[in-house]
Amino acid sequence: MSKNDLIRAAQDAQKQAYAVYSNFCVGAAVRAANGKIYQGCNVENASFGLTVCAERTALFTAIAAGEREFSELAVVSAPGVSPCGACRQVIWELCGDIPITLVDADGNTRETSSARLLPDAFGKEGLSHET
Ligand code: THU
């Protein structure tokens, strides 16, 4: 249940990346509230816009397994990048404010959170405005 387990899971997932166009391999791992870890990698497509990031692959896999609550996320890439805008919105929707660890190729880590990555986010509450 340590942070290192989550990071290792993301590093393993990075090895599965289908990044035949960019060669930019990304791995992600999300921990569900029950402690289970779900992994994801980026999956690219010749129709470039159809590419799915590692973060969304991990989260959608967890959702498909029935998970609805998450406690932390780790993302691994060579430079240790932070999630793209689309993934930030999806992370906010499914996880709310959770800690996120960004990891580079040397294993250096940077800590952030979904709220820091997407301030003033649009979310479910925004839909319930009475007219
Ligand atoms: N990518 C991710 O999987 N996650 C990120 O946080 C950034 C970008 C992927 C999408 C694409 O396959 C490749 O990295 C280059 O953008």
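Small disclaimer: the values here were computed from a predicted structure and weren't measured.

Caption draft 1: Highlighting the overall build of the protein. Tallying secondary structure elements over the protein gives four helices and five strands in all. N-terminal to C-terminal, the α/β element order of the protein is α-β-β-α-β-α-β-β-α. Relative to the 2.2 N^0.38 estimate, which gives 14 Å for 131 residues, the radius of gyration of the protein is 14 Å and therefore close to what a compact globule would have. C-alpha extents for the protein along the principal axes are approximately 50 × 40 × 25 Å. Within the protein, the fraction of its 131 residues that count as buried is 41%. For the protein, contacts bridging at least 24 residues in sequence account for 59% of all contacts bridging at least 6. About 7200 Å² of surface is accessible on the protein, with carbon and sulfur atoms providing 53% of the total. Taken as two groups, the 11 positive and 15 negative side-chain charges of the protein have centres that lie 4 Å from each other.

Caption draft 2: Summary view of unusual backbone geometry. A positive phi angle, near 60°, is found at N23, a position not held by glycine. Among the structural elements, N23 can be located in the loop between helix 1 (3-14) and strand 1 (27-32). Given the relative accessible area of 64%, N23 is considered exposed. Positive phi is not limited to glycine here, since D120 has a value of about 55°. Note that D120 resides in the segment after helix 4 (114-117). D120 sits in the exposed class, given a relative accessible area of 81%.

Caption draft 3: Expanded view of the packing of helix 2 (residues 54-64) against helix 3 (residues 85-95). Packing of helix 2 against helix 3 leaves a shortest axis separation of 10 Å and a crossing angle of 25°. Relative to helix 3, the element helix 2 lies roughly parallel. Crossing angle aside, the handedness with which helix 2 passes helix 3 is left-handed. Facing helix 2, whose interface residues are E55, R56, L59, F60 and I63, helix 3 presents A86, C87, V90, I91, L94 and C95. Residue composition of the contact of helix 2 with helix 3, by class: nine nonpolar, no polar and two charged.

The rules we used
Note that residues are indexed from 1 along each chain, following the sequence as it is written. Given that the model is predicted, a residue must reach a pLDDT of at least 70 before its local features are reported, and side-chain atom pairs must reach 80 or more before they are shown or counted; all residues, however, enter totals for whole chains, interfaces and linings. Remark: hydrogens and water are excluded; side-chain values derive from all non-hydrogen atoms of the structure. Strands are runs of DSSP state E lasting at least two residues, helices are runs of H or I lasting at least four, and both sets are numbered from the N terminus onward. Within these notes, the globule rule equals 2.2 Å times the number of residues to the 0.38 power, and the radius of gyration is based on C-alpha atoms. Between buried and exposed lies partly exposed: a residue is buried under 20% and exposed over 50% of the maximum accessible area for its type, with that area taken using a 1.4 Å probe on protein chains only. Contacts are assigned to residue pairs that have any heavy atoms within 4.5 Å of one another. The Shrake-Rupley method, run with a 1.4 Å probe, gives the accessible areas here. Residue values count only the displayed protein chains as cover. Positive residues here are Lys and Arg, negative ones are Asp and Glu, while His and the chain termini are left out of the count. Lysine's charge is taken at NZ, arginine's at CZ, aspartate's at CG and glutamate's at CD. As a rule, the C-alpha atoms of each element are fitted with a line to give its axis, helices using only the stretch in contact, and angles between N-to-C directions run from 0 to 180 degrees. The scheme is simple: roughly parallel for angles under 35 degrees, roughly antiparallel for over 145, roughly perpendicular for 65 to 115, oblique for anything else. The handedness criterion is simple: a crossing whose near helix is rotated anticlockwise from the far helix by less than a right angle is left-handed, and one whose near helix is rotated clockwise is right-handed. Residue polarity is assigned by list, with Asp, Glu, Lys and Arg as charged and Ala, Val, Leu, Ile, Met, Phe, Trp, Tyr, Cys and Pro as nonpolar; anything else, Gly included, falls into the polar class.

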